[in-house]
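Structure assessment
For reference, the chains in residue letters:
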Amino acid sequence: MTPVRGKFITLEGVDGAGKSTHLDWIAERLRTRGRDLLVTREPGGTPLGESLRKLLLSEPMHIETETLLMFAARREHLSRVIRPALDQGCWVLSDRFTDATYAYQGGGRGLPFDRIAVLERWVHGDLQPDLTLYFDLSVDAARKRLSTSQSHPDRFEQEGADFFERVRSAYRARAAAEPERIAVIDADRSLDDVKKELEVIISSIC
Ligand code: TMP
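The shown structure was predicted, so the numbers you read here are calculated from the model rather than taken from an experiment. (Residues numbered from 1 in each chain as written. Predicted model: local features only at pLDDT ≥ 70, side-chain atom pairs only at ≥ 80, totals over all residues. Heavy atoms only, no water.)

**Side note on the packing of helix H3 (residues 63-87) against helix H4 (residues 98-108)**
Condition: Note on geometry: axes are lines fitted to C-alpha atoms, helical ones only across the stretch in contact, with angles between N-to-C directions running from 0 to 180 degrees. Strands here are runs of E lasting at least two residues and helices are runs of H or I lasting at least four, both read from the DSSP assignment and numbered beginning at the N terminus. Under this scheme an angle from 65 to 115 degrees is roughly perpendicular, one under 35 degrees roughly parallel, and one over 145 degrees roughly antiparallel; angles in between are oblique. By definition, residues are in contact when any of their heavy atoms lie within 4.5 Å. Nonpolar residues are Ala, Val, Leu, Ile, Met, Phe, Trp, Tyr, Cys and Pro. Charged residues are Asp, Glu, Lys and Arg, and all others, Gly as well, are polar.
Relative to each other, H3 and H4 sit at 175°, their axes nearing to 11 Å. Judged on the interaxial angle alone, H4 and H3 are roughly antiparallel. Where H3 approaches H4, its residues Ile-63, Glu-66, Thr-67, Met-70, Phe-71 and Arg-74 are matched on the opposing element by Thr-98, Thr-101 and Gln-105. For the contact of H3 with H4, the per-class residue count stands at three nonpolar, four polar and two charged.

Shown next, in the form of C-alpha cells:
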C-alpha cells in the first residue's frame, strides 16, 4: 500500500524573531503525536546545500546569483530530502523555504517577485508547504534579540533596519494573501504564550 503523503511544515520570520527557539519544541510536539518527522533547514539540508549556505551567508554576490543559489540549494533539498520523505509518509519541518526568498531577495533586496515566481514554478510548482508558521516581531525587537545572541553576524544579519522592515513587510503581505496556509504567530510574547498558540495550531493539523 502506498503510504499517505506526509505534511510539509515550514517556519519563517525575520532574523531574531525566535523561530529557531521554537523549532525543537514543535518537533517534539509532532513526534509526541506520533508523527515520523524529519527536521531540516534552508539554505542547506543536503551536503551540497550546506556548502552553498556557507557561501550565501559569507560571500558578497550579485542579487541574482544569490537568488539562483538559494533555488539551486532548494532543488537539491527537494529531490534528495523533502520529496522522498513526504512520499514515504514522513512529515517534514523545514526552518525556512521559498517564502524566505520572496521576503529577503524580493522584499529585502528588491528583486522583482515575478522573477522569483518563475524559479518557484520551475523548481517546485506542484509542491507547496501545507502549513507555514510565520513568527512576526517588530524589527527593533528582533534586532535587540539578535544583538544579544549573535557575536558573529552573518551577511544577512549585518543588514540594516530598513532591509529588515522590507523583509517583514513582504512576509506580512504573503501571510495576508494566503491566510489558509500561513499562520501568523505574534512573537512579541512570552515563550509560554507562544507555545500555547503553537499547541492549538499543531493540534488542528494532527
Ligand atoms: P537562518 O538564519 O534562519 O538559518 O537563515 C539564514 C539566512 O538566509 C537568513 O538570514 C535568511 C536567509 N535566506 C534568504 O535570504 N533567502 C532564502 O530563500 C532563505 C531560505 C534564507
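**Overview of the side chain of Glu-42**
Put simply, the test is: Under the scheme applied here, a residue whose accessible area is under 20% of the maximum for its type counts as buried, over 50% as exposed, and between as partly exposed, the area being computed with a 1.4 Å probe on protein chains only. Under this definition, polar contacts are N or O atom pairs within 3.5 Å; protein pairs additionally need one hydrogen-donor-capable and one acceptor-capable atom, and for neighbouring residues in sequence, both atoms have to be side-chain atoms.
Mapped onto the elements, Glu-42 comes out in the loop between strand S2 (37-41) and helix H2 (47-58). With relative accessibility at 4%, the residue Glu-42 sits in the buried group. A polar atom in the side chain of Glu-42 sits 2.6 Å from the side chain of Arg-74. Setting aside residues up to four positions removed in sequence, Glu-42 forms contacts with Arg-53, Arg-74, His-77, Ile-82, Ser-94, Asp-95, Arg-96 and Phe-97.

**Quick word on the site of the ligand**
This is how the line gets drawn: The rule for a residue being near a molecule or strand is that one of its heavy atoms must lie within 4 Å of it. In this description, accessible areas are obtained by the Shrake-Rupley approach with a 1.4 Å probe, and a residue is regarded as covered only by the protein chains that are shown.
Surrounding the ligand, one finds 14 residues, the nearest of these being Lys-19, Arg-53, Arg-96, Thr-101 and Gln-105. In the environment of the ligand, an oxygen atom lies 2.6 Å from a nitrogen or oxygen atom belonging to the side chain of Arg-96. At a separation of 2.8 Å, a nitrogen atom of the ligand approaches a polar side-chain atom of Gln-105. Here the ligand loses 94% of its free accessible area of 480 Å² to cover by the protein chains. Of all the elements, H4 adds the most residues to the shell around the ligand, at four residues.

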